[in-house]
Structures are given as structure tokens and as C-alpha cells.
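# Examination of the molecular architecture
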Amino acid sequence: MNLNNSVWCAPAQDVFLLWGLMVGLSMNSVAASFPDPGLGAALREDSISKHVVHLSDEELEDRNFYSLLDLGRFVPSMQTYVSGGGAGAGLYLRGFGATPLSAAFDSSLPIVVDGVSLLPAAILKAGQVDLSSVDVVFGPQGVTYGRGATAGAIVLTSHDPGESFEGELTASYLPEHKGGILKAMLSVPLGSHFGIRVAVSGSENDELRENLVGLPTSTVDYRGRESVDGRLTVVWEPASSFRARLKMYGSRTKSDGP
């Protein structure tokens, strides 16, 4: 019995030895595929695709863009509206948002103005002047734009002073709302390292919304809105390795209503 057992166990040992040899060869082949540490390991960069709606300054001008409330007409699945609550406005993208009843609630869609992330939705009512582009990024963007970017982000980029003198004055009339828009911009380079750009705008609409409810406390047939906005940009670039930029923005908005 012992002899028979030893005879029948021998092939099994050979199988295990052969399997161990194959594993050793496969491990050697895998190890040989790695680059030489002395030459430096090659890194692979994976890019994550994201859906972005990009609006250039030409497109914004052609579509008569003035405030972020107009984005509801340009971007699919986006809702923007004015509210009488604490936040003053509502902003939703693909169903994500927050109630406008309280300014303490995050809107799930931050507004990034020249790299500064703002969560309050009240900035929707402010007129945006002298913008170079508006980007609406869909999907969670917490890593890029910080807390609250659950639905995405609205990225606003304004113009900087150029190397040459610039000036612009435009006026628009809106017969549908019995209103108009007046914009002015002046960019002045002061030497080769300094520049100032000033932009102001004013908007007034007397018949922005029609009052169809007819409440006893309201005697007006239409509600309007007016806004005065301005942006100051100062750029100082004494060397190619150093650049300082200061931006100041102010807005005053008034809406008819209770």
C-alpha cells in the first residue's frame, strides 16, 4: 500500500512543480514589463469628460444677455426666477437646487465669478457687465469648485485690460418690455505693466411681468425692474513671472412688487 501510494503521488508532485514553474515564469514576465526605475516611470493621465455649455461674449451680445436670469432661456433644463424670499431668486439645474425662501440654503449650483465661488442665489438679479464668457458645467463639481457644487457650476469670466486703448458704448431698446439697456466700457493701458478697465451698465424694464392675479393689495398692471451695475479691473504685471489683478464689482437692483 505504501508503495502504491508513493507511485500515485509522484505525478501529483510533478504537476505542482510544473504549476509553480509556470507561475514563476508569468511573474517574471509581468515584472519585466515595468519600466526601469532609473529611467522614470511613465504616468498616464485620464481625463473625465463633462458636459459644458459655453457662451462667448459675441453670443451673449447677440442674445441680449444682461443678468444671470437670462440663462434660463439659453441653457436646457435650467430654471431661473425672482422670488420674494430671503434668497431673492431661485436657481435649478436638472432638478437640483434649493428653495429661495432662505438665503442660508445652498443652491447646489455655485456661481463662480473670476475664480471666486459664490453660493447665494441673489446675485442672479444683478446685471453682469463686460463678460468675456459664461460656462455652465453639468454634474457634480465639488473637487473643482468646492462645497455646494452638487448640480454643477456657473462660471463667469470678465474681461481684463488689454495692451491697447479700447472704448465701447452700446444702447438697446426692448419694445416687448418697454425698456432699454445702456452699456459703456473704457480700457486704458498705463505703460507696459499697468492697465485699468472700467465698465458700467444700466437697465430698465417697465413691463417686465404682467400682473394677472389682480390682488386687492396691488393696483399696478405690470411689474418692472431696474439695475445699475459696474466693474473695475486693475492689472499690474511688472514681470512675466508675476501678475496681480484687482476686480471690484457693484450692483444696485430694484424690482416692483410687494
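Remember, it's a predicted structure, so these values are computed and weren't measured experimentally. Each chain has its residues counted from 1, running along the sequence as written. Only residues with pLDDT of at least 70 get local features here, since the model is predicted, and only at 80 or more are side-chain atom pairs given and counted; chain-wide, interface and lining totals rely on the full set of residues. The side-chain numbers reported here are obtained from all heavy atoms of the structure, hydrogens and water having been left aside.

## Concerning the packing of aromatic side chains
A ring pair, where both rings are aromatic, is described by two values, the distance of the centres and the angle of the planes. Rules: Centre distance within 6.5 Å is the pairing criterion for rings of Phe, Tyr and Trp, where only the six-membered ring of Trp is used; planes under 30 degrees apart are then read as stacked, over 60 as edge-to-face, and the remainder as tilted. Between buried and exposed lies partly exposed: a residue is buried under 20% and exposed over 50% of the maximum accessible area for its type, with that area taken using a 1.4 Å probe on protein chains only. Strands are runs of DSSP state E lasting at least two residues, helices are runs of H or I lasting at least four, and both sets are numbered from the N terminus onward. A positively charged side chain is recorded as over a ring if its NZ (Lys) or CZ (Arg) lies within 6 Å of the ring centre. The angle to the ring normal must also be within 35 degrees.
Tallying each qualifying case throughout the model produces three aromatic pairs. Arranged with centres 6.3 Å apart and planes meeting at 45°, the rings of phenylalanine 65 and phenylalanine 74 form a pair that is tilted. Accessibility expressed as a relative area gives 3% for phenylalanine 65, which makes it buried. Here the aromatic rings of tyrosine 81 and tyrosine 92 are separated by 6.5 Å at their centres, their planes lie at 10°, and the arrangement is stacked. Taken as a pair, tyrosine 81 in strand S2 (residues 78–82) and tyrosine 92 in strand S3 (residues 89–93) lie far apart in primary sequence, eleven residues in all. In this structure, arginine 63 packs its charged tip against the face of phenylalanine 74, placed 5.3 Å from the ring centre.

## Section: the nonpolar core
What counts here: What makes a nonpolar core is a set of buried Ala, Val, Leu, Ile, Met, Phe, Trp, Tyr and Cys residues whose side-chain atoms join them at distances within 4.5 Å.
Grouped together as the largest cluster of nonpolar side chains are 26 residues, with contacts concentrated most on Leu68, Leu71, Met78, Ile111 and Ile154. Within the residue set of this core, elements represented by two or more residues are strand S1 (52–56), helix H3 (71–74), S3, strand S5 (111–113), strand S7 (131–138) and strand S8 (152–158). No other element matches S7, which puts four residues into this core.

## Examining the sheet that holds S5
To keep things clear, this is the line we draw: A strand pair is defined by DSSP finding two or more bridges across the two strands. Between N-to-C directions, angles cover 0 to 180 degrees, with each direction set by a line fitted to C-alpha atoms, over the stretch in contact for helices.
Spatially, S1-S7-S8-S5-S6 is the arrangement adopted by the five strands of the open sheet, whose pairing is mixed. For this open sheet the edge positions go to S1 and strand S6 (116–118), each flanked by a neighbour on one side alone. Adjacent strand axes in the sheet meet at a mean angle of 20° when their direction is disregarded.

## A look at the pattern of salt bridges
This is how the line gets drawn: The salt bridge criterion pairs a side-chain nitrogen of Lys or Arg with a carboxyl oxygen of Asp or Glu, the two atoms within 4 Å.
Counted under the stated rule, the structure contains nine salt bridges. The residue aspartate 160 makes a salt bridge to arginine 243 at a minimum N-O spacing of 3.3 Å. Of the two residues, aspartate 160 sits in the loop between S8 and strand S9 (166–174) while arginine 243 sits in strand S13 (residues 242–255), which places them 83 residues apart along the sequence. The exposure class of arginine 243 is partly exposed, given its relative accessible area of 44%. Here glutamate 237 makes a salt bridge to arginine 243, at a shortest N to O gap of 3.6 Å. A single network of salt bridges, built from pairs that share partners, joins Asp160, Glu237, Arg243, Arg245 and Lys247.

## Focus: unusual backbone geometry
One non-glycine residue, serine 77, adopts positive backbone phi at about 60°. Mapping serine 77 onto the fold places it in the loop between H3 and S2. One non-glycine residue, lysine 178, adopts positive backbone phi at about 50°. Of note, lysine 178 is situated in the loop between S9 and strand S10 (179–189). Residue lysine 178 is classed as partly exposed on the basis of its relative accessible area of 47%.

## Details of the sheet that holds strand S12 (residues 222–239)
On the basis of which strands lie adjacent, the open sheet formed by five strands has the order S9-S10-S11-S12-S13 and antiparallel pairing. Each end of this open sheet is capped by a strand with a single partner; those strands are S9 and S13. In this sheet, adjacent strand axes meet at a mean angle of 5° when their direction is disregarded. Two strands pair when backbone bridges link them, and S10 and strand S11 (residues 194–210) are joined in this way by eleven bridges, in the antiparallel orientation. Paired with proline 189 across the two strands is glycine 195, which belongs to S11.

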